[in-house]
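Spelled out from the first residue to the last, the chains are:
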Amino acid sequence: MTLSELAMLIGAEVRGNGDTSVSSLATLANAGPDQVGFLANDKYRNLLQNTQAGAVILKAEHDDPSLIKNALITNNPYLAYARAAQAFDTTPVPKPRIDARASVAETVILGNDVSIGPGAVIADSAVIGDGAIIGANCYVGEEAKIGAGTRLWPSVQVYHRVQIGERCTIHSGAVIGADGFGWASDNGKWVKIPQLGRVVIGDDVEIGANTTIDRGALDDTVISSNCIIDNLCLIAHNVHIGEGTAIAGHTGIAGSAKIGRYCLIGGATAINGHITIGDGAQIHGMTMVTKDLPGKGVYASGLPVVDQVTWAKSGARVRQLPELFLRVRALERKLDKPND
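Residues numbered from 1 in each chain as written. Predicted model: local features only at pLDDT ≥ 70, side-chain atom pairs only at ≥ 80, totals over all residues. Heavy atoms only, no water.

### Some thoughts on the packing of aromatic side chains
Part 1: Tallied over the full model, the rule gives 3 aromatic pairs.
Part 2: Seen from their ring centres, Phe38 and Tyr78 are 6.3 Å apart, and the 55 degrees between their planes marks the pair as tilted. With a gap of 40 residues between them, Phe38 in strand β3 (residues 35–38) and Tyr78 in helix α2 (residues 77–87) connect regions that are remote in the sequence.
Part 3: Between the aromatic rings of Tyr78 and Tyr81, the centroid separation amounts to 5.7 Å while the plane-to-plane angle is 45 degrees, which identifies the pairing as tilted. You can see Tyr78 and its partner Tyr81 sitting in helix α2, 3 residues apart, about one turn around the helix.
Part 4: On the basis of relative accessible area, Tyr78 is assigned to the exposed category, the value being 53%. (Phe/Tyr/Trp six-rings, centres within 6.5 Å; stacked < 30°, edge-to-face > 60°. Helix = DSSP H or I, 4+ residues; strand = E, 2+ residues; numbered from the N terminus. Buried < 20%, exposed > 50% of the residue type's maximum accessible area, 1.4 Å probe, protein only.)

In structure tokens, the structure reads:
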């Protein structure tokens, strides 16, 4: 497409020749004359000096006609890059068809233009919406509902009665609706508690590869619309995640936790069960959340990396803290009673 056409798609202003043809996106370091680069982080500004990109998406303050021939000017280069990536997306989309090697129960309700790949199993009374894509070797359980335009990549497992909204993307290896970790103890013998709730996922949700979302014990586990959940996350039973929240990889959320709207949760975060995190909270990676958090704050508990010698010394000091505490308290008592 031409730069002018691309600018209309991404909401940018062209500086230079709008008739220049471009074929794809690339980094500033590797872009060729028919490709578009982008600058969203000041630390890479020096790459403008040698880039061969046919055009660069950037802010007006970073534009330099002496370095780059054509520019696409925008206030938010990273958002413009995201929209440009959608315009140049080469992800294959299967044609609507039901592969002969798929198993589709007679009671399944199929929408129009559905694609079901080889080895997929669609169980009794499941509902598949218009334009949905069910990849190879997926399983969709009894009475499950897959919304219009939703895509399950190969080997996604959707258990019975799970409900997934429209235009969602579920990546390979994800398991939606497995049993939550519910057990009672009978004098040391574990008695399983059947998980009777569902998983209910809203519209425009993306769930990463090998993420697991457990069904509710009685009430449903809920992932609200417009959430994005990275790879290898664990969402336990009865968790409720509010609209627009983003969760990075390796995060684990224990049962019945409630996460607010538009929260940002960094990777490898551990969130305790039965707690509430308010709207807009930002939690740094590797944080351990053990109590309720109000919204719109920034929280962290992970320790930054140091060299091994410093870490060993710090560990030794930590072990001395109980003794040090007792000594300080004894000194305080002496200061409070100087005549003793």
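From this point, the narrative continues.
### Some details on the sheet that holds strand β7 (residues 109–110)
Part 1: Spatial strand order, β7-β10-β13-β16-β21-β24-β27-β30-β33: 9 strands in an open sheet with parallel pairing. The two strands at the open ends of the sheet, each matched to only one other strand, are β7 and β33 (276–277).
Part 2: Bridge count for β7 against strand β10 (residues 127–128) is 2 bridges, and the pairing is parallel. Within β10, the residue paired with Ile109 across the bridge is Val127. (Pairing = 2+ DSSP bridges.)

### Focus: a negative patch on the surface
Part 1: A contiguous patch of negative charge on the surface is contributed by Glu106, Asp124, Glu142 and Glu143.
Part 2: Along the chain, Glu143 falls in the loop between β12 (139–140) and β13 (145–146).
Part 3: Residue Glu143 is classed as partly exposed on the basis of its relative accessible area, which comes to 48%. (Patch = residues over 30% accessible without salt bridge, like charges linked within 9 Å, V, L, I, M, F, W, Y side chains within 5 Å. Areas by Shrake-Rupley, 256 points an atom, 1.4 Å probe, with all protein chains shown as cover. Salt bridge = Lys/Arg side-chain N within 4 Å of Asp/Glu carboxyl O. Lys, Arg positive; Asp, Glu negative; His and termini not counted. Charge placed at Lys NZ, Arg CZ, Asp CG, Glu CD.)

### Some points on the nonpolar core
Part 1: In this structure, Ile134, Ile201 and Ile241 are the most contacted members of the largest nonpolar core, which totals 50 residues.
Part 2: Setting aside its immediate chain neighbours within four residues, Ile134 contacts Ser115, Ile116, Gly117, Ala120, Ile122, Ile128, Val140, Ile146 and Leu152.
Part 3: Core analysis: the next-biggest nonpolar cluster, separate from the first, contains 13 residues, Ala12, Leu72, Ala80 and Phe88 among them. (Core = buried A, V, L, I, M, F, W, Y, C linked by side-chain atoms within 4.5 Å. Contact = heavy atoms within 4.5 Å.)

### Overview of the pattern of salt bridges
Part 1: On inspection of all chains with the given rule, the structure shows 8 salt bridges.
Part 2: Asp99 serves as the salt-bridge partner of Arg101, at 2.9 Å between the closest nitrogen and oxygen.
Part 3: Linked through salt bridges whose partners overlap, the residues forming this network are Arg97, Asp99 and Arg101.

### Here we look at the side chain of Thr20
Part 1: Structurally, Thr20 is set in the loop between β1 (13–15) and β2 (24–25).
Part 2: Of note is the side chain of Thr20, whose polar atom sits 3.0 Å from the backbone oxygen of Asn17.
Part 3: Thr20 has contacts with Met1, Thr2, Leu3 and Asn70, leaving out every residue within four places of it along the chain. (Polar contact = N/O pair within 3.5 Å; in protein donor to acceptor, adjacent residues only side chain to side chain.)

### A look at the side chain of Arg215
Part 1: Mapped onto the elements of the fold, Arg215 is located in the loop between β23 (212–214) and β24 (221–223).
Part 2: Separated by 2.8 Å, the side chain of Arg215 and the backbone oxygen of His160 make a polar contact.

### A few points about the pairing of strand β19 (residues 183–186)
Part 1: Strand direction decides the pairing type here: β19 and strand β20 (residues 189–192), joined by 4 bridges, are antiparallel. Each bridged residue has a counterpart across the sheet, and for Trp183 the counterpart in β20 is Lys192.
Part 2: With antiparallel pairing between neighbouring strands as the criterion, β19 and β20 make up a hairpin whose turn holds 2 residues, including Asn187 at a positive phi of roughly 55 degrees.

### Describing helix α3 (residues 308–336)
For an α-helix the count is 3.6 residues per turn, leaving residues at separations of three or four pointing the same way.
Part 1: Along its 29 residues, α3 runs 41 Å from first to last C-alpha, staying within 8% of the 42 Å computed at 1.5 Å per residue.
Part 2: The backbone nitrogen of Val309 lies 3.2 Å from a side-chain oxygen of the residue at the head of α3, namely Asp307. (Expected span 1.5 Å × (residues − 1).)

### Here we look at the environment of Gly129
Part 1: Looking at where Gly129 falls in the secondary structure, it is placed in the loop between β10 and β11 (133–134).
Part 2: Separated by 106 residues in the primary sequence, Gly129 and Ile235 have C-alpha atoms spaced 25 Å apart.

### Some remarks on the sheet that holds strand β32 (residues 270–271)
Part 1: Spatial ordering of the open sheet is given by β6-β9-β12-β15-β18-β23-β26-β29-β32-β35, a layout of 10 strands whose pairing is parallel. One side of each edge strand has no neighbouring strand; the edge strands of this open sheet are β6 (103–104) and β35 (288–289).
Part 2: Bridging between strand β26 (residues 234–235) and strand β29 (residues 252–253) involves 2 bridges; their strand directions are parallel. If you follow Ile235 over to β29, its bridge partner there is Ile253.

### Overview of a nonpolar patch on the surface
Part 1: A contiguous nonpolar surface patch, about 340 Å² in accessible area, is contributed by Val318, Leu321, Leu324 and Val328.
Part 2: Its place among the elements puts Val328 in helix α3.

### Here's the deal with the environment of Phe88
Part 1: Tracing the sequence through the fold places Phe88 in the loop between α2 and β6.
Part 2: Owing to a relative accessible area of 14%, Phe88 belongs among the buried residues under this scheme.
Part 3: Here the alpha-carbon distance between Phe88 and Asn70, two residues 18 residues apart in the chain, equals 19 Å.
Part 4: Setting aside its immediate chain neighbours within four residues, Phe88 contacts Met1, Leu6, Val22, Ser23, Ser24 and Leu25.

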